[in-house]
Amino acid sequence: MSNPPDPNPDTNPDTNPDTNPDTNPDTNPPDTNPSDPLLLSLRHWPSPAPEETSLPTLVHRIHTQRYFNGLTEDTLQAEINASASNDTSDALHDARPTTIPEPPHMVVAKSRMVDYIFHAHNEAMIALDFISLVCSLQAPEIATSSMSPMLKASVPVGCLGHSRLVRKVDKAEVEKEEKIAREWKQQGLVSAADLLLGASKRLGEEVNRERRYWREVLEIREGGWLVTRMPREKNGLGVRYGFAEATLSGIAPLRRGEDGGVRMEQVESGGRMVRVRIMRGGEVTGESWQRVGREGEGIMKSVRKARNSIYEEELFAEVMKEARMYAGMGMKTREDEATVEVGGVSVVVDMAPIDDPNHPFPLMTPDTQLANYIALSLRILLSYNHRLSLSRRSRPPPPMTPHKPTPEPMRLLRPITTYLLHTSHQTHLSTLLRRLCLITTTAGLSSSFTLTPFSNTVGRPITSVETAIDLFIHMLETTASVSLPGGWSLTITMRTALQRPIQGTQYVITTHHDGVSIRQMGEQRFSSEEEAGNYVWWCLERAVVNHIRLMGEWVQEGLGNEMVCKKGRIRVEVQEGVGLVLVWGKQGGRDRKEVWDGTERGRSLAEVLEGIV
Amino acid sequence: MQNFPQSHHELSLYAYIPASRQPQVLKMLSGVAGMRNEAFLQHHLLYKPARPRVPGAPTDHFYMQLICRIAPDETKETYNPREQRWCIRLEDIPEVTRKPVVSRGIYSANTYMGDVLEFMETLGYTLQSSYFTDNNRFIHGNIVITVSQTSTPPRSPLAPTAPGASAAGDPKIDPFGSPFPKERLRKVDDGWVLQAAVRVQSSTDVQSVNAGVQELQNLKKALEGVCELDVVERLALDTRVR
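Every chain begins its residue count from 1, and numbering advances along the sequence as written. Naming scheme: in the order in which they are written, chains are lettered from A and ligands are numbered from 1. A pLDDT threshold of at least 70 governs which residues receive local features in this predicted model, and a stricter bar of 80 or more applies before side-chain atom pairs are shown or counted, although totals over entire chains, interfaces and linings include all residues. Values shown for side chains rest on all heavy atoms present in the structure; no hydrogens or waters enter the calculation.

J.: Got a minute to help me understand the overall build of chain A in this structure?
T.: In this description a helix means any DSSP run of H or I spanning at least four residues, a strand means any run of E spanning at least two, and both kinds are numbered starting from the N terminus. Tallying secondary structure elements over chain A gives 13 helices and 19 strands in all. Exposure categories follow from relative accessible area, calculated using a 1.4 Å probe and restricted to protein chains: below 20% of the type maximum is buried, above 50% is exposed, and the middle band is partly exposed. For chain A, buried positions account for 33% of its 613 residues. Partitioning the contacts of chain A with sequence separation of at least 6, the portion at a separation of at least 24 is 53%. Each accessible area value is a Shrake-Rupley result obtained with a 1.4 Å probe; residue values ignore everything except the protein chains displayed when judging cover. When the accessible surface of chain A is split by element, carbon and sulfur atoms take 57% of a total near 40500 Å². Working rule for contacts: check all heavy atoms of both residues, and any pair within 4.5 Å makes them a contact.

J.: I tried to follow the overall build of chain B on my own but got confused; where do I start?
T.: Along the backbone of chain B there are 4 helices and 9 strands. Starting at the N terminus and walking to the C terminus, you meet the elements of chain B as β-α-β-β-β-β-α-β-β-α-β-β-α. Within chain B, the proportion of its 242 residues that are buried is 46%. Counting contacts in chain B only where the partners sit at least 6 residues apart, residues at least 24 apart contribute 75% of the total. Surface exposure of chain B reaches about 13100 Å², of which carbon and sulfur atoms provide 53%.

J.: Got a minute to help me understand the sheet that holds strand β19 (residues 592-596) of chain A in this structure?
T.: Whenever strands of a sheet pair, they do so through backbone hydrogen bonds, lying parallel or antiparallel. Residue and element names in this part refer to chain A. Read from one edge of the open sheet, 5 strands run β15-β16-β17-β18-β19, paired in antiparallel fashion. Two strands bound the open sheet, and with one partner strand each, they are β15 (555-556) and β19. Under this scheme, a helix contributes an axis fitted over its contacting stretch, all axes are lines through C-alpha atoms, and angles between N-to-C directions fall in the 0 to 180 degree range. Each of β15, β16 (562-565), β17 (568-575) and β18 (579-585) is contacted by helix α12 (residues 529-551), which is oriented at about 150° to β17, the strand it contacts most. A strand pair is defined by DSSP finding two or more bridges across the two strands.

J.: Sorry if this is basic, but what is going on with the interface of chain A and chain B here?
T.: Bring the parts together and some accessible area is lost; that lost area is often taken as the interface size. Across the boundary between the two partners, chain A contributes 11 residues, which contact 20 residues of chain B. Buried surface area refers to the total accessible area, computed with a probe of radius 1.4 Å, that the two partners give up upon joining, counted for both partners together. Both sides together, the interface formed by chain A and chain B hides about 1200 Å², and carbon and sulfur atoms give 58% of it. For this document, the term salt bridge refers to a Lys or Arg side-chain nitrogen within 4 Å of an Asp or Glu carboxyl oxygen. The tally of links between chain A and chain B comes to 0 salt bridges. N or O atoms closer than or at 3.5 Å make up a polar contact, with two conditions inside protein: a donor-capable atom paired with an acceptor-capable one, and, for residues adjacent in sequence, both atoms drawn from side chains. The interface formed by chain A and chain B includes 5 residue pairs in polar contact (both at pLDDT 80 or more).

J.: So what exactly am I meant to see when it comes to the sheet that holds strand β6 (residues 283-287) of chain A here?
T.: Residues and elements named next belong to chain A. Strand order in the open sheet made by the 5 strands is β6-β5-β9-β8-β7, with antiparallel pairing throughout. Two strands bound the open sheet, and with one partner strand each, they are β6 and β7 (331-334). Along the sheet, successive strands turn relative to each other by an average axial angle of 30°, direction set aside. Of the strand pairs in this sheet, strand β8 (residues 337-342) and strand β9 (residues 345-353) are connected by 6 bridges, and their pairing is antiparallel. When the sheet's bridge partners are listed, Glu341 is paired in β9 with Ser346.

J.: Teacher, can you tell me more about the packing of helix α9 (residues 366-393) of chain A against helix α11 (residues 465-473) of chain A here?
T.: Packed helices, taken two at a time, are described by the angle between their axes plus the distance between the axes. Residue and element names in this part refer to chain A. Closest axis-to-axis distance for the α9/α11 pair is 11 Å, and the angle between their directions is 115°. As for how α9 packs across α11, the hand of that crossing is left-handed. Across the interface between the two elements, Ile380, Leu381, Tyr384 and Arg387 from α9 touch Val465, Glu466, Ile469, Asp470 and Ile473 from α11. Taken together, the residues that form the contact of α9 with α11 break down as 6 nonpolar, no polar and 3 charged. In a left-handed crossing the near helix is turned counterclockwise from the far helix by less than a right angle, and in a right-handed crossing that turn is clockwise. In this count, Pro and Cys sit with the nonpolar residues alongside Ala, Val, Leu, Ile, Met, Phe, Trp and Tyr, while Asp, Glu, Lys and Arg are called charged and the others, Gly among them, polar.

J.: Honestly, the nonpolar core in this entry has me stumped. Any pointers?
T.: A general tendency of soluble globular proteins is for nonpolar side chains to be buried together. Residue and element names in this part refer to chain A. Residues enter a nonpolar core if they are buried and are Ala, Val, Leu, Ile, Met, Phe, Trp, Tyr or Cys, with the set joined through side-chain atoms within 4.5 Å. With 41 residues, the main nonpolar core has Leu484, Ile492, Ile509, Ile548, Ile570, Leu580 and Leu582 as its most contacted residues. Ignoring sequence-local partners within four residues, the contact set of Ile570 consists of Ile548, Trp554, Asn561, Glu562, Met563, Leu582, Val583, Trp584, Leu609 and Ile612. Ranked by size, the runner-up nonpolar core spans 35 residues in total, among them Val347, Leu381, Leu420 and Ile473.

J.: How should the pattern of salt bridges be read in this particular structure?
T.: If charged atoms from side chains of opposite charge come close, those side chains can pair. Residue and element names in this part refer to chain A. Scanning the model with the defined rule gives 36 salt bridges over all chains in all. Between Arg212 and Glu216 there is a salt bridge; the shortest N-O distance is 3.2 Å. Highlighted residues: Arg212 and Glu216, both in helix α7 (residues 171-222), separated by 4 residues, approximately one helical turn. The salt bridge involving Arg272 is made with Glu313; its shortest N-O contact spans 3.9 Å.

J.: Help me out: how do you make sense of the environment of B:Ile139 in this one?
T.: Looking at the secondary structure, you find B:Ile139 in strand β6 (residues 125-140). Assessed through its relative accessible area of 2%, B:Ile139 is described here as buried. Between the alpha carbons of B:Ile139 and B:Ala33 there is a distance of 6.2 Å; along the sequence they are 106 residues apart. Contact partners of B:Ile139, with chain neighbours within four places excluded, come to A:Arg393, A:Ser394, A:Arg395, A:Pro396, A:Pro397, B:Ala33 and B:Met35.

J.: Would you mind showing me how to read the packing of aromatic side chains here?
T.: Think of a pair of aromatic rings as described by two things: how far the centres are apart, and how the planes are tilted against each other in angle. For this analysis, a ring pair means two rings from Phe, Tyr or Trp (six-membered ring only for Trp) whose centres lie within 6.5 Å, classed as stacked if their planes differ by under 30 degrees, edge-to-face if by over 60, and tilted for the remaining angles. Enumeration according to the criterion identifies 5 aromatic pairs over all chains in this entry. With 5.2 Å between their ring centres and 80° between their planes, A:Tyr213 and A:Trp214 make a pair best called edge-to-face. Judged by its relative accessible area of 43%, A:Trp214 is partly exposed. On the basis of an interplanar angle of 15° and a centroid distance of 5.9 Å, the ring pair of A:Tyr419 and A:Phe454 is categorised as stacked. With A:Tyr419 in helix α10 (residues 413-442) and A:Phe454 in the loop between β10 (448-452) and α11, this pair connects stretches of sequence that are 35 residues apart. Members of the aromatic cluster, each reached through a chain of ring pairs, are A:Phe526, A:Tyr535 and A:Trp538. Remark: a charge is flagged as sitting over a ring if the NZ atom of Lys or the CZ atom of Arg is within 6 Å of the ring centre and within 35 degrees of the ring normal. In this structure, B:Arg69 is placed above the aromatic ring of B:Phe40, and the distance from its NZ or CZ to the ring centre is 3.7 Å.

J.: Any chance you could explain the packing of α10(A) against α12(A) here in plain terms?
T.: All names here are of chain A. Running from amino to carboxyl end, α10 crosses α12 at an angle of 20°, the nearest separation of the two axes being 11 Å. Taken as axis vectors, α10 and α12 run roughly parallel relative to one another. Helix-helix and strand crossings are classified by hand; for α10 and α12 the assignment is right-handed. Here Ser424, His425, His428, Leu432, Arg435, Leu436, Ile439 and Thr440 of α10 come into contact with α12, specifically with Glu529, Gly533, Val536, Trp537 and Leu540. Here the contact of α10 with α12 is composed, by residue class, of 6 nonpolar, 5 polar and 2 charged. Here the word oblique covers every angle except those under 35 degrees (roughly parallel), over 145 (roughly antiparallel) and from 65 to 115 (roughly perpendicular).

J.: Quick question: what am I supposed to make of the pairing of strand β13 (residues 504-512) of chain A here?
T.: Here is the key point about a regular strand: its side chains alternate between the two faces of the sheet. Residues and elements named next belong to chain A. Burial analysis of β13 places 7 of its 9 residues in the buried class, which makes it a mostly covered element. In terms of strand pairing, strand β12 (residues 488-497) meets β13 through 9 bridges, oriented antiparallel. Within the sheet, the bridge partner assigned to Ser489 lies in β13 and is His512. Between β12 and β13, which follow one another and run antiparallel, lie 6 residues, and Gln503 among them has a positive phi close to 50°. Pairing analysis gives 5 bridges linking β13 to strand β14 (residues 522-526), with the strands arranged antiparallel.

J.: When you look at helix α4 (residues 206-222) of chain B in this model, what are you seeing that I'm missing?
T.: For an α-helix the count is 3.6 residues per turn, leaving residues at separations of three or four pointing the same way. Residue and element names in this part refer to chain B. A helix is expected to span 1.5 Å multiplied by its residue count minus one. Here α4 spans 24 Å end to end across 17 residues, near enough to the 24 Å set by a 1.5 Å rise per residue. Restricting attention to buried positions, one finds in α4 the residues Ser208, Val209, Gly212, Val213, Leu216 and Leu219. Projected onto a plane normal to the axis of α4, the buried residues spread over an arc of 135° and lie on a single side. Across α4 from its buried face, at more than 90 degrees, point the exposed residues Val206, Gln207, Lys221 and Ala222. Turning to α4, the residues buried within the fold contact β1 (8-17), α1 (22-33), β6, β7 (143-152) and β9 (192-200). Think of it as the arc spanned by the lines of direction from the helix axis to the C-beta atoms.

J.: Would you take a moment to explain helix α4 (residues 104-135) of chain A for this structure?
T.: Residue and element names in this part refer to chain A. Under the 1.5 Å per step criterion, the end-to-end length of α4 is 46 Å for 32 residues, consistent within 8% with the ideal 46 Å. Restricting attention to buried positions, one finds in α4 the residues Asp129, Ser132, Leu133 and Val134. Those residues of α4 that are buried lie in contact with α5 (140-146) and α6 (149-154).

J.: What should I look at first to understand a nonpolar patch on the surface in this one?
T.: Two joining distances apply to patches: 9 Å for like charges and 5 Å for nonpolar side chains (Val, Leu, Ile, Met, Phe, Trp, Tyr), and every residue must have over 30% relative accessible area and no salt bridge. On the surface, a nonpolar cluster with roughly 410 Å² of combined accessible area is contributed by A:Leu55, A:Leu58, A:Val59, A:Ile62 and A:Phe68. As for its position among the elements, A:Ile62 is in helix α2 (residues 55-66).

Set out below in structure tokens:
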């Protein structure tokens, strides 16, 4: 019966009689002795306790047994194999761990080493005794504590005296030693000095870099730019180059460059500006200049460039937004441009790269000038709109309701449209009135007119920037007063505004006359230039009729444009494309007519009338 | 209360600012709101019902306030309370709510012409007291931030004589108080009170109320180091007449 594997190497002789032949030589195997009780355990083999196999315990045991040094799987495997082969031969009678026999030379060396150590220890103790005896004269307590008891017993304390011995000094040696000492000291000092100098130089450079950085940052701030903390970084400074009311926030971090100078990063300066082109009949007849003003140098240049570029981008974005929303008022948009078409002129707004500053300026034509003015006013209007939104923001908001009010787009293209519309009507009106005067002059009649363009903007005092711009952007008005022959006069007020109630151009024409040749008085309102023009021609017609009436002979028939007298009948007509026409004739005869169209000076009206027989 | 056309519901938070910190706080608010502060002086007249409340009656009596802005170019001679454009305002007691804001209804009516003080008398209210507030206002989104300080006129009576005949005949007791000369105004406390308020059209509009509360919370976070915005004890803002 073989023994089960014994977890405990400390075998207990009482329980394992087989493995201990020394204690019990005449042993009987337990199962053959009938007098011994049955030593069979019916319990299952105890599993090792968790504490015994837990990792910390195992680690501790391995460490105490053999240390972890040099422990590899291969060595362990070799050991297992070796112990297995050992076990099979010695298992029964030697369970104690075998000790490795020491090689003989080691034993000898060990004993010698021990001898030497002993010897050295002895010498040291003797020396200690001697020194302490010597010292015991001066410092008895300390010395006696370090003396060995044997010495204390044999010799009284303080019996060994001593005095100083002046040895002959070897000058050369001393000098050499002093020199060496000095050299070392000097080397030490020099290296320390070098270190310190190097450190101070670096520190100085760092300080210079920081100084330069902070000076430039201060410069930026003194230039009026706002330097704030970067919202997303701790300890980061940024310069706010954008505008407070703008939709795009413009803030760029200011980092320290290699030489300490300020470097602005993350700026997409597209290098583009808003461009306005005037097109007539599909041809570009004028283009605005893409020039930038003085930019400064260094960091201020980058900041200004960033600001300019963000201004242009925002301007263009707002222009597109407005054009999309007000598509009904002659504004059109395409992917990257907005167009305003008024009176045969197309104004196209898009983005274009900045011109090369070395290029000469293009020729100045009226349309180029117009394009430049429109571009300039767009920029002014953007700033004006920023102010408006600031003042809107500064008013307490209305109480909150579920539906959010949609923000109105900025007024950028609408004032431009108003202006263009108004000028086209104005041109038409002045052409009309000039022609009227020409016609009447060639007919020998007198008439005149005065035209006051933009009369609502002239002569008003400017109290602030906002009021100055306000005058121009909502409504434009032109007044004209015409004096017609026959004592009549007209007052024409032409107003252009894009919003209600006018929504376009409105002509208000008031007539002042003696009321004889026409009943209708007062003011008439028209909303197109043709209607207004037709009315003006009609007024001229009646004015001429009145003039003829005032000449004495002729009498108006009813309220029409025919007049009779004993000489015959005449009809006064003013036809748009033709001019002033006088038709006369006799019954049964053929009509004769005289046309004054302003081209040549023929017979005057009076002469014609005289000539009628 | 339908007769008050400018009525709304107000959600607000308050903070106390000691006098020494007030200029600094104004600067920071200016930075947060992105605008200059609007400074103005207001005259407040407190009215209470002339007839005392019958104890046990179901309805409460409330104090009413008349507020007007004193234009900067007014002087001692030109300032006449009866000619000012007053706003009639009744602040309800804050409601009990779990929300971290003071929530109360405001009944307000702007007036246009006429003698409002006379009108208050005919309504059955009598003048209780008069005081002035120095205000600095900023607007941040939907929030109106007001930093104000109260002061009393030098001879302001707390228990007024009946304004009217005796006041007119007795120049010594001017119950309405005059803000001039400015130096003689007595500050009630050296510190300033900051109120951050959001107006909501109707208190039943949950979406707007939540949006308002959220805005106030964001502002509180933003002003964390500057001042401590907090709810005020509900009963401290009680405007009922006891």
